[in-house]
Amino acid sequence: MASPLPTLAQQPAGNAPSPNPNYWDWFKYSPRILEKWVVEATENPNHVELEPIRRPASGVRKRVLVMYPRPSSAYDISITKILNVFEDKLIDASFTAMNFLKDPARGRAIMKRSEAGNYDLILAMGSETTAWLWENYRGGRIPVVSVCSKDPVVLGQSPGYNRGSNTNFAFTSLNMPIDVQMAYVHDLKPKLRNIAILVDSRNVSAIETQSKPVLDYAKSRGIRTLELSVQDPANARAELEAMVKDATAQMMRNDPDLSNSIYWVTGSTSVFREIATINAYSSRAAVLSVVPDIVRGGADSAVLSIGISFESNAHLAAVYAAEILTGRQRVGEMRVGVVSPPDIAINFRKARDIGMAVPLSFFEAASTIYDYEGNPVRIDGVGVKQSG
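Description of the structure in this document. (Residues numbered from 1 in each chain as written. Predicted model: local features only at pLDDT ≥ 70, side-chain atom pairs only at ≥ 80, totals over all residues. Heavy atoms only, no water.)

Focus: the pattern of salt bridges
Under the criterion given, the structure shown has 15 salt bridges. Residues glutamate 128 and lysine 102 are paired through a salt bridge, measuring 3.4 Å at the closest nitrogen-oxygen approach. Of the two residues, glutamate 128 sits in helix α3 (residues 127-136) while lysine 102 sits in the loop between β4 (93-99) and α2 (104-116), which places them 26 residues apart along the sequence. Judged by relative accessible area, which is 29%, glutamate 128 ranks as partly exposed. Exposure remark for lysine 102: the relative accessible area of 47% places this residue in the partly exposed category. (Salt bridge = Lys/Arg side-chain N within 4 Å of Asp/Glu carboxyl O. Helix = DSSP H or I, 4+ residues; strand = E, 2+ residues; numbered from the N terminus. Buried < 20%, exposed > 50% of the residue type's maximum accessible area, 1.4 Å probe, protein only.)

Below, the structure written as structure tokens:
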């Protein structure tokens, strides 16, 4: 293996280490991770090794393989949280991160390596990895925990929320039960007339777990639905510009001031990374997100989110992994991990811009809040002290 990366003091905060390691296009983390972990590049740019700086308490260090399908900012958040949880819990474990590039042959080679390498646990990063492993490694020797993955019950991977898989898989979910999620939407917009759902046509898990359930719910209650589906992620900005502009015009036909219309942004990266484009053409319709991380400071933000953040899900997945590694839980007996209550995030600057009232109950329950200037006042449940 190559020499460890530069220390934290040598690295520009919030940027890639300098010089850029060969894996940085797909494997990123908070620079503060380097206070507790040694991250080592290898000759293979799709392979990274991580060791905790502290000495193992037991003398025996567990080995965890984290399998990636591609780059994603969601995965960057998730791996940072997982490493922090392992350090906080003093779990003696090293990590190997490998990117199989959604290539079945690479995936099989990684699984062969994992079997030969005496790994104790696999973290399946993302819905694509979870689906591939479910099809190709169900019943395998090594326990698997899903991270940053969509609802396994809706996707047919788990028999129910309150049951284990009876296999070598333990699932966590980025999704809330649809009835619970839409109850919040009803409290926000009790006279909802239109809902436009934005999704990536290639993101099967988002379609099945975050788009279709909302469509079915809305149609059964007489709410008009518009399906806005990005066909080419590389051209998402142009596609969304045209689709959102047209959808806004359609919604104004039965809701002229758009006070009873919403845009529903799913957890499709090609969609939510274009939040500025969506805002530019949504007029006064509320842009809501199932991904709390899309509520941010400033103007390029959803107005409100009701869902499960990447960080919350990763925290739960890390707890599941720790329970399995320490022998406190059996992988096949662990019920689907769903964060409850949901993560609510509010940007009052956006709410003011569109004239949307936010119920007091939302304000009280929100873990993340930005004020009327778009500045943070509460982040992850902790108040932020303003300077000046």
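Re the sheet that holds strand β3 (residues 62-68)
With mixed pairing, the 7 strands of this open sheet are ordered in space as β1-β2-β4-β3-β5-β6-β7. Since the sheet does not close on itself, it has two edges, and those belong to β1 (37-41) and β7 (169-170), each with one partner. Looking at chain direction, strand β6 (residues 144-147) and β7 are connected through 2 bridges and run parallel. Across the sheet, residue valine 144 finds its bridge partner in β7, namely phenylalanine 169. Packing against the sheet, α2 makes contact with β2 (47-52), β3, β4 and β5 (121-125), and its axis sits at approximately 175° to β3. Docked against the sheet, helix α9 (residues 310-325) engages β3, β5, β6 and β7, running at close to 170° with respect to β6. (Pairing = 2+ DSSP bridges. Contact = heavy atoms within 4.5 Å. Axes fitted to C-alpha atoms, helices over the stretch in contact; angles between N-to-C directions.)

Looking at the packing of aromatic side chains
The final tally for this structure, using the stated rule, is 18 aromatic pairs. Here phenylalanine 86 and phenylalanine 95 contribute two aromatic rings whose centre-to-centre distance is 5.0 Å and whose plane-to-plane angle is 75°, an arrangement assigned as edge-to-face. When its relative accessible area of 1% is taken as the criterion, phenylalanine 86 is described as buried. Relative accessible area serves as the criterion here: at 1%, phenylalanine 95 is assigned to the buried category. With a centroid separation of 6.0 Å and an interplanar angle of 80°, the aromatic rings of tyrosine 184 and phenylalanine 362 are classed as edge-to-face. Highlighted residues: tyrosine 184 in helix α4 (residues 178-188) and phenylalanine 362 in helix α11 (residues 360-365), separated in sequence by 178 residues. Taking relative accessible area as the criterion, tyrosine 184 reaches 22% and is therefore assigned partly exposed. Following the ring pairs from residue to residue traces out a cluster consisting of Tyr23, Trp24, Trp26, Phe27, Tyr29, Tyr68 and Tyr75. Positioned above the aromatic ring of tyrosine 217, the side-chain terminus of arginine 221 is 3.6 Å from the ring centre. The ring of phenylalanine 363 carries arginine 378 above its face, with NZ or CZ at 5.2 Å from the centroid. (Phe/Tyr/Trp six-rings, centres within 6.5 Å; stacked < 30°, edge-to-face > 60°. Lys NZ or Arg CZ within 6 Å of the ring centre and 35° of its normal.)

A few points about the pairing of strand β9 (residues 194-200)
The buried count for β9 comes to 7 of 7 residues, which makes it a mostly enclosed element. Burial along β9 is two-sided: Asn194, Ala196, Leu198 and Asp200 and Ile195, Ile197 and Val199, pointing in opposite directions, are all buried. In the sheet, β9 pairs with strand β10 (residues 224-230) via 7 bridges, with the strands oriented parallel. Within β10, the residue paired with alanine 196 across the bridge is leucine 226. Tracing the backbone out of β9, into helix α5 (residues 204-220) and back to the parallel element β10 gives a crossover that is right-handed. (Right-handed = clockwise from strand over helix to strand, strands pointing away.)

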